[in-house]
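# A closer look at the structure
Listed below are the residues making up each chain.
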Amino acid sequence: MADTVLQSSQATQPNADPQASSRPAPRRLSAGGLIDRSEHLTFKFDGKTFQGHPGDTLASALLANDVRLVGRSFKYHRPRGILTAGFEEPNAMVELREGNRQEPNTRATMVELYDGLVSRSQNRWPSLSFDVLSVNQMLSPILAAGFYYKTFMWPAAFWEMVYEPIIRRAAGLGSGSREPDPDTYEKAWAHCDVLIIGSGPTGLMAALAAGSSGARVILADADFQPGGRLNAEADSLDGVASNQWVGTTLEELSALPNVRVMPRTTVFGVYDQNTYGAVEQVNDHRREPMPHQPRQRGWKIVTKRAILATGAIERPLVFANNDAPGVMLASAVRTYIHRFGVCPGKQAVVYTTSDDGWRTAQSLTEAGADVTLIDPRTSTEHPTHNGTFDVVKGAVVEKASGGRAVQSVEIRQADGTTSSIDCDLVAVSNGWNPTIHLTCHLGAKPTWDDEKNAFLAQTPPPGMVVGGAAAAKFTLTEALSEGVRMGLEAASSVGCSKRLNIPVPEVDGEETASVTPRWGIGSSTRKLKGKAFVDFQNDVTLTDIELAIQEGFSAAEHVKRYTTLGMATDQGKTANVTGLGVIADLTDQPMANVGTTVFRPPFTPVTLGAFVGHARGRDFGPTRRTPSHDWAHEMGATFTEAGLWQRAQFFPKPDETDWLDTVAREVKTVRSAVGLCDVSTLGKIDIQGADVATFLDRIYANTISTLPLNKVRYGVMLREDGMVMDDGTVCRLGPDHVLVTTTTANAGKVLEHLDFCHQVLWPDLGVSIVPVTEQWAQYAVAGPRSRDLLAKLVDDPAAVSNDALPFMGFTTVQIGGAEARVFRVSFCGELAYEIAIPATYGDALIRALMQAGETLGVAPYGTEALGVMRIEKGHVAGPELDGRTTLRDLGLGKMGAKKTGFVGRTLAQRPALLDPARPILVGLIPKDPSEKVLAGAHLIAVGRATTAENDEGHISSAAFSPTRGHDIALGFLARGRDRIGQDIRAVDPLRGSDVTCTIVDPVFVDPNGEKVRG
């Protein structure tokens, strides 16, 4: 690259003017890199227009255009520039796009440039160059570590009125769109033999070895350009440039049908049973997604073996003002030079404690920059030093100077003398941290290795191996060899033992990787001439860590929480280890004794859309439609959501303008003639086996084993804490065969409960449990003429006579050659049946019922009328079965009084649950029939103040009763059954309602059950 130099241009300011798009990028090299120079892409940053090329990231394009100031820090609002070139970036956080696609907190280093990209800096006001909140730097003495805990304690009343609003307004970095996201997201699943995470030299060789052995391989990498550090270096493999070798290897992998390469895919979490979470950015590199494609795709990958080849993250160095724009990681500088053709500075200082920094000095020199290398080590010699750059050994950088861009550094020699070097770039290198975050997601902690000067994974998750730089094998030769070995071993372990001769590429001019890390700057952080930052994103300084230790918070976890070290969106990827090193220095203990914090998923932030997939809006859950849905739609029904189900709420007629009129008509039709309602959504669970009676006796509070064949019994089941879980019916279809029905809302919960009891509590009982809700269409046929309607439809009318099918009976009938089940049950207080037929006949049956009932005055009714009639009959439902009521509360105390051994019985006997003063179910009617009673109202004695102390209960359900001609209600009232006939106030302060009611029996219609048995 000796002939690759900076393009000439006039001096530019950190933020170029709007005409910059017509000029050559001042920091772009004349040749080199993996960008497509033949095509120009226009993008905006803070309203100003620039140009880049395909293959650029937003960060590389900004640097090419000499934009160094890109953001403000979180707490002090200090000017910040680009520090890294990858996912570890703590500074260059931007808002992308506009309108309903606006996205905050996106790392400019990971944004693939596209034409028309719009980006903005964040965490500043009114502008990036002039940020009013930078005044926080002057307040730093009171904003030090722990200031939240110390500052906002007094006076207590100020917290809600003053402190919290101010903190909330200042909190956060960026702002998202308040409009609905217009894009779609997908969920996807994949299974493989070997999952390889990272496509650097180790990952590529592992994929080649495992894939060539016949294993099913997925190679995932967060970058849009596979290759890792091979794209960022000027190495030579087998005599060709490393980036060209990457291209050839990818072609070999693409020729293997069992290998899938997934760029733009971040594996963010490790979970049980070898399951990995990943997110694929399908269309984030476009202004908007391609038609019929998602923006992102969330992956659940299950693998037999995993190879972690995620490389390593270079560590920064700590000195005063080390956060100034223009201070960058040395490896990132090489990345911008070799991959993007951008030289971030003309006059550079390389400050390094490792041999790796010398490579950056050489790369900068070849790119045309003037370089001075500063190495605190005194005995270091390096083969890359050929006299083309100045070297100062035994010296340290104490301070960087410059506001919106670095201008010089102050160095201190070993003899104590100081001097200043002008520069516009400071490249820092303090060794490498293996990227082992994923190895910790199941609870393991890394351990410090003094030889490698890094934390290593000791106990990776089952099935995972770690290799390459992630295992502190920092030379390229080691990384390539590790990849071949691990790939072949992984393939062999899954049964693909085809041993192949996978040659390891020969690396030309392999160099050493020695490092002597430096955590602080000397014996006392108080001698600093400026703030020295450890965590760039959260503005945690050396003095913050020192203060935490002085105040007794010296453990790694305590320092993290007291100072917020490593708690930002980057999770301390460039800060954690340096912070631990500072703790070790300040507490005078070995690094291995300091310990470490725990990494948790996700590895990098994941959009909620990738987790949700299609489950949003109407698709939040699958829409379930009843068998009569199409017919109901034709009848003009208004639908409501009942859980995941779409149910007909009521069936208005053209002359009805008020839904209450419609509901009243439907109720009167049922009371006077016959009505039809789809109740297919009720949970239906088929239970069979020799021990079915014993099993259900333990499930239900009332006895089920005595239920005769072809009979139905109402049943109530309790939770283990003695509270009612659900009610429903049990029908004995055969000696060892029952059908259990549940409420619509609790169908899934009851099924889980039954499975738990069978598998965990009583696995010895011989029962089989199968949900059959969707297999049966079921319709309530209710009203005085319901038997006449069924008689006209079934093949044998005698089968539904009162003698053949008494109340709470069951039978099977034939309807046009199809077998159907008929249950004589009623929840409305009228003669009623429920007829069930296989779901495929559901639509035909409802139409046949309507046709047969034309002369009988039949009409459909929906959930609103159903609810009104169950209140009129005094039947409890969801509002009463709210998880806080007992059998006694519901007036069903005798149901389980003598029975033993059922779930919940013991805790149901707690004295507080049997207290006579505990609220019990009652009915309520307004003293003035014209007044409206509201569900949720509190029950307070007449003449008592409306206070919580005087609250004696509440109204659970209320409705206008067409049968009674006024409102009626069910509620729970202390000693309610002893107060029948007395008055009580139903008070709803929020809605301004205070109605005097009379306490009555909760059964308003057919109290003696004469109609249901008629």
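These notes cover the structure that comes with them. Please read all numbers here as calculations on a predicted model, not as lab measurements.

### Regarding the overall build of the protein
- For the protein, the helix and strand inventory stands at 22 helices and 50 strands.
- Nonlocal contacts in the protein, meaning residues at least 24 apart in sequence, comprise 66% of its contacts between residues at least 6 apart.
- Of the side chains in the protein, 100 bear a positive and 116 a negative charge, and the two mean positions are spaced by 4 Å.

### Topic: the packing of helix α9 (residues 542–550) against helix α10 (residues 556–563)
- α10 packs onto α9 with a crossing angle of 120° between their chain directions and a minimal axis gap of 10 Å. In terms of axis orientation, α9 runs oblique to α10. Here the hand of the crossing between α9 and α10 comes out right-handed. Residue-level contacts link D544, I545 and A548 of α9 to V559, Y562 and T563 of α10.
- Residue composition of the contact of α9 with α10, grouped by class: 4 nonpolar, 1 polar and 1 charged.

### Here we look at the pattern of salt bridges
- Within the structure shown, the criterion is met by 51 salt bridges.
- A salt bridge links R229 to E233, with the shortest nitrogen-to-oxygen separation between them at 2.6 Å.
- Looking at R229, the relative accessible area reads 29%, which means it is partly exposed.
- Under the relative-accessibility criterion, E233 is labelled buried at 8%.

### Thoughts on the packing of aromatic side chains
- With the rule as written, the count across this model stands at 13 aromatic pairs.
- With 4.3 Å between their ring centres and 15° between their planes, F553 and Y562 make a pair best called stacked.
- Among the aromatic side chains, those forming a connected cluster through ring pairs are W448, F455 and W519.
- Its guanidinium or amino end placed over the ring of F533, R80 lies 4.9 Å from that ring's centre, counting from NZ or CZ.
- Sitting over the face of the ring of Y76, K531 holds its NZ or CZ atom 4.8 Å from the ring centroid.

### Remarks on the nonpolar core
- One finds L58, F319, Y336, L364, I374 and V409 to be the most contacted residues of the largest nonpolar core, which totals 95 residues.
- Here this core gets 6 residues from one element, more than from any other, and that element is helix α1 (residues 58–64).
- Each residue touching L364, except ones within four places of it in the same chain, is listed here: V333, I337, C343, A348, V350, A369, V371 and L425.
- Ranked by size, the runner-up nonpolar core spans 34 residues in total, among them Y861, V876, V1000 and F1004.

### Some details on the packing of helix α6 (residues 330–338) against helix α7 (residues 356–366)
- Running from amino to carboxyl end, α6 crosses α7 at an angle of 35°, the nearest separation of the two axes being 9 Å. Here α6 runs over α7; the crossing is left-handed. Facing α6, whose interface residues are A330, S331, V333, R334, I337 and H338, α7 presents D356, R359, T360, S363 and L364.
- Residues of the contact of α6 with α7, tallied by class, amount to 4 nonpolar, 4 polar and 3 charged.

### Let's talk about the side chain of D424
- Along the chain, the position of D424 falls in the loop between β23 (418–422) and β24 (425–429).
- Looking at D424, its side chain comes within polar contact range of the side chain of R27, at 3.2 Å.
- For D424, the contacting residues outside a window of four places in its chain are R27, R68, G326, G345, K346, Q347, A348 and V406.

### Section: the environment of S408
- As for its position among the elements, S408 is in strand β22 (residues 408–412).
- Judged by its relative accessible area of 12%, S408 is buried.
- Between the C-alpha atoms of S408 and I421, which are 13 residues apart in sequence, the distance is 5.4 Å.
- Those residues within four positions of S408 in sequence are excluded, and the remaining contacts are K399, A400, S401, S420, I421, D422 and C423.

### A look at the sheet that holds strand β41 (residues 810–815)
- Reading across the sheet, the 6 strands line up as β41-β42-β43-β40-β34-β44 and stay open at both edges, with mixed pairing between neighbours. Each of the sheet's edge strands pairs with one partner strand only, and the pair in question is β41 and β44 (858–860). Across the sheet, the mean angle separating the axes of adjacent strands is 25° when strand polarity is ignored.
- On the sheet, helix α15 (residues 659–672) packs against β34 (674–678), β40 (776–782) and β44 and is oriented at approximately 140° with respect to β44.

### Description of unusual backbone geometry
- At the junction of W125 and P126, the peptide bond is cis and its omega measures out at 5° in the coordinates.
- Between P601 and P602 the backbone carries a cis peptide bond, its omega angle lying at 5°.
- Along the polypeptide, P602 turns up in the loop between α12 (591–594) and α13 (608–612).
- Unlike most non-glycine residues, D588 shows phi in positive territory, near 55°.
- Relative to the elements of secondary structure, D588 occurs in the loop between α11 (576–587) and α12.

### Some points on the pairing of strand β36 (residues 712–718)
- Within β36, 5 of the 7 residues are buried, which leaves it mostly tucked inside the rest of the structure.
- Direction of pairing for β36 relative to strand β37 (residues 724–734): antiparallel, over a ladder of 7 bridges. Its bridge partner being in β37, V716 is matched across the sheet by D727.
- Connecting β36 to the antiparallel partner β37 that follows it, the hairpin turn spans 5 residues, and G722 within it adopts a positive phi of roughly 90°.

### Some remarks on a nonpolar patch on the surface
- Where nonpolar side chains cluster on the molecular surface, the patch consists of W125, F130 and V132 and spans about 360 Å² of accessible area.
- Among the secondary structure elements, V132 is positioned in the loop between β7 (117–121) and α2 (147–151).

### With respect to α10
- When we look at burial in α10, the residues that qualify are A556, V559, K560, Y562 and T563.
- T564 lies just past α10 and shows a positive phi near 70°.

### Quick look at the pairing of strand β45 (residues 919–926)
- β45 sits mainly inside the fold: 7 of its 8 residues count as buried.
- As judged from the 6 bridges shared by β45 and strand β48 (residues 966–974), these two strands associate in the antiparallel manner. Bridge pairing links V922 to G971 in β48.
- Inspection of the sheet shows β45 paired to strand β50 (residues 993–1000) by 4 bridges, in the antiparallel sense. Within the sheet, the bridge partner assigned to G923 lies in β50 and is V1000.

### Topic: the side chain of R821
- Its place among the elements puts R821 in strand β42 (residues 818–823).
- Buried charge without a partner: R821 forms no salt bridge, and the closest opposite charge is D686, 4.7 Å away.
- The residues contacting R821, other than those within four sequence positions of it, are L733, L739, W776, F810, T811, T812, E834, I835 and A836.

### Here's the deal with the sheet that holds strand β32 (residues 638–642)
- If you trace the 3 strands from one edge of the open sheet to the other, you get β31-β33-β32, paired in mixed fashion. Here the strands that pair on one side only, and so sit at the sheet edges, are β31 (624–625) and β32.
- Two elements, β32 and strand β33 (residues 645–650), share 5 bridges in a ladder whose sense is antiparallel. Paired with E641 across the two strands is Q646, which belongs to β33.
- Strands β32 and β33 of the sheet are contacted by helix α20 (residues 863–873), whose axis makes an angle of about 70° with β33.

### Topic: the environment of G467
- Within the secondary structure layout, G467 lies in the loop between β28 (464–466) and α8 (476–493).
- For G467 and G311, which are 156 residues apart along the polypeptide, the C-alpha to C-alpha distance reads 8.3 Å.
- If sequence neighbours within four positions are ignored, G467 has contacts with T202, L308, A309, E482 and M486.

Here is what the cut-offs are and how they apply
Residues numbered from 1 in each chain as written. Predicted model: local features only at pLDDT ≥ 70, side-chain atom pairs only at ≥ 80, totals over all residues. Heavy atoms only, no water. Helix = DSSP H or I, 4+ residues; strand = E, 2+ residues; numbered from the N terminus. Contact = heavy atoms within 4.5 Å. Lys, Arg positive; Asp, Glu negative; His and termini not counted. Charge placed at Lys NZ, Arg CZ, Asp CG, Glu CD. Axes fitted to C-alpha atoms, helices over the stretch in contact; angles between N-to-C directions. Parallel < 35°, antiparallel > 145°, perpendicular 65-115°, else oblique. Left-handed = near helix turned anticlockwise from the far one by under 90°. Nonpolar A, V, L, I, M, F, W, Y, C, P; charged D, E, K, R; others polar. Salt bridge = Lys/Arg side-chain N within 4 Å of Asp/Glu carboxyl O. Buried < 20%, exposed > 50% of the residue type's maximum accessible area, 1.4 Å probe, protein only. Phe/Tyr/Trp six-rings, centres within 6.5 Å; stacked < 30°, edge-to-face > 60°. Lys NZ or Arg CZ within 6 Å of the ring centre and 35° of its normal. Core = buried A, V, L, I, M, F, W, Y, C linked by side-chain atoms within 4.5 Å. Polar contact = N/O pair within 3.5 Å; in protein donor to acceptor, adjacent residues only side chain to side chain. Pairing = 2+ DSSP bridges. Patch = residues over 30% accessible without salt bridge, like charges linked within 9 Å, V, L, I, M, F, W, Y side chains within 5 Å. Areas by Shrake-Rupley, 256 points an atom, 1.4 Å probe, with all protein chains shown as cover.

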